[in-house]
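# Coordinate analysis (summary)
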Amino acid sequence: MKKILLSATVILAIGFTACNSQKTNSNLKKEEKMEISNKEKVIALLKSIETGAQEPAGYINPEKYIQHNLGVEDGLAGFGALLQQLPPNSAKVNTIRAFEDGDFVFTQTDYNFFGPKIGFDIFRFENGKIVEHWDNLQETPANPNPSGNTMINGTTKIENINKTEENKTLVSNFVNDILVNGKMEKLTGYFDGDNYIQHNPQMANGLSGLGNALEYMASQGITMKYDKVHKVLGEGNFVLTVSEGSFAGKATSFYDLFRVENGKIAEHWDVMETIATKAEWKNNNGKFNF
């Protein structure tokens, strides 16, 4: 009888242990499922502009959200006010590329709100919450560029994570040498011959395409000048630079995304936005101020 009772006790103990183990494993799986990356949080937040989903707003720190889009009021309330201005079911959001560099997530997105636009967004995180946002927006052109490329097509594959810092240095040197300081004698050193895929709406592929576009702008009296690089972010073979300058005499913000291959610049996407005059600003955080 004692042996029977002992066996029953052991079986029950094993049963309870297994049950508790299953519950623990189940809880762990739920926690793992609930925990999402900062990239995923940003993509969900941007998509909520289209879907109206409320949950992604919880990824923003309501006590500290600094807004650098000069057309939007500061704080979480400003983000909400922007969404309320949209006509119902009018917005479309398709994030094409997403990258992470330390506390920053940056994305390239095909938008349609208040008209079709291509945009770059940068979000800064603290303790898993979004605390700051920068962006640059440009109207989507009706046609591809002279080489048939759009502002968003091309590869999205992130490679060579171990070369992130090396690639950031390469691109930073290129922008400062060529675009800021005009050291054109160094230009060819940054490229593999004429192998260069261009997504700027006005330029064709290759260094020859870049040269032809610059010559045409000069003939029309159109100047493009980079004065200062404010931020360089990267992940693997992709690097984003945020610069300030002027285009056709107007203060301009330049966001340039480069893909690096074998130590050379292989592909380029960009968005240019005219910086609003201070009288038009809805917040006082400035367009840059990283």
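### Some points on the sheet that holds strand β3 (residues 104-112)
If you walk across this open sheet you meet the five strands as β1-β5-β4-β3-β2, and the pairing is mixed. The open sheet has two free edges, formed respectively by β1 (66-67) and β2 (92-101), since each of these has just one partner strand. Pairing of β3 with strand β4 (residues 116-126) involves nine bridges; the strand directions are antiparallel. Residue pairing in the sheet places T107 in a bridge with D121 of β4.

### Re the confidence of the model for the protein
Model confidence for the protein is summarised by a mean pLDDT of 89, while 88% of its residues fall at 70 or above. Segment residues 1-32 is flagged for pLDDT under 50; beyond a separation of four residues in sequence, or across chains, it makes zero contacts in the model.

### Some details on the pattern of salt bridges
Where side chains of opposite charge bring their charged atoms close, a pairing between them can arise. One pass over the structure, following the stated rule, counts 13 salt bridges. Between E159 and K157 there is a salt bridge, and its shortest N-O distance comes to 3.6 Å. Exposure remark for E159: the relative accessible area of 36% places this residue in the partly exposed category. Across the pair R259 and E267 runs a salt bridge whose closest N-O atoms are separated by 2.7 Å. For the pair R259 and E267, one class covers both residues: buried. Shared partners join several salt bridges into a network, and the residues in it are K64, R124, E126 and E132.

Parameters at a glance
- Residues numbered from 1 in each chain as written.
- Predicted model: local features only at pLDDT ≥ 70, side-chain atom pairs only at ≥ 80, totals over all residues.
- Heavy atoms only, no water.
- Pairing = 2+ DSSP bridges.
- Helix = DSSP H or I, 4+ residues; strand = E, 2+ residues; numbered from the N terminus.
- pLDDT = per-residue confidence, 0-100.
- Contact = heavy atoms within 4.5 Å.
- Salt bridge = Lys/Arg side-chain N within 4 Å of Asp/Glu carboxyl O.
- Buried < 20%, exposed > 50% of the residue type's maximum accessible area, 1.4 Å probe, protein only.

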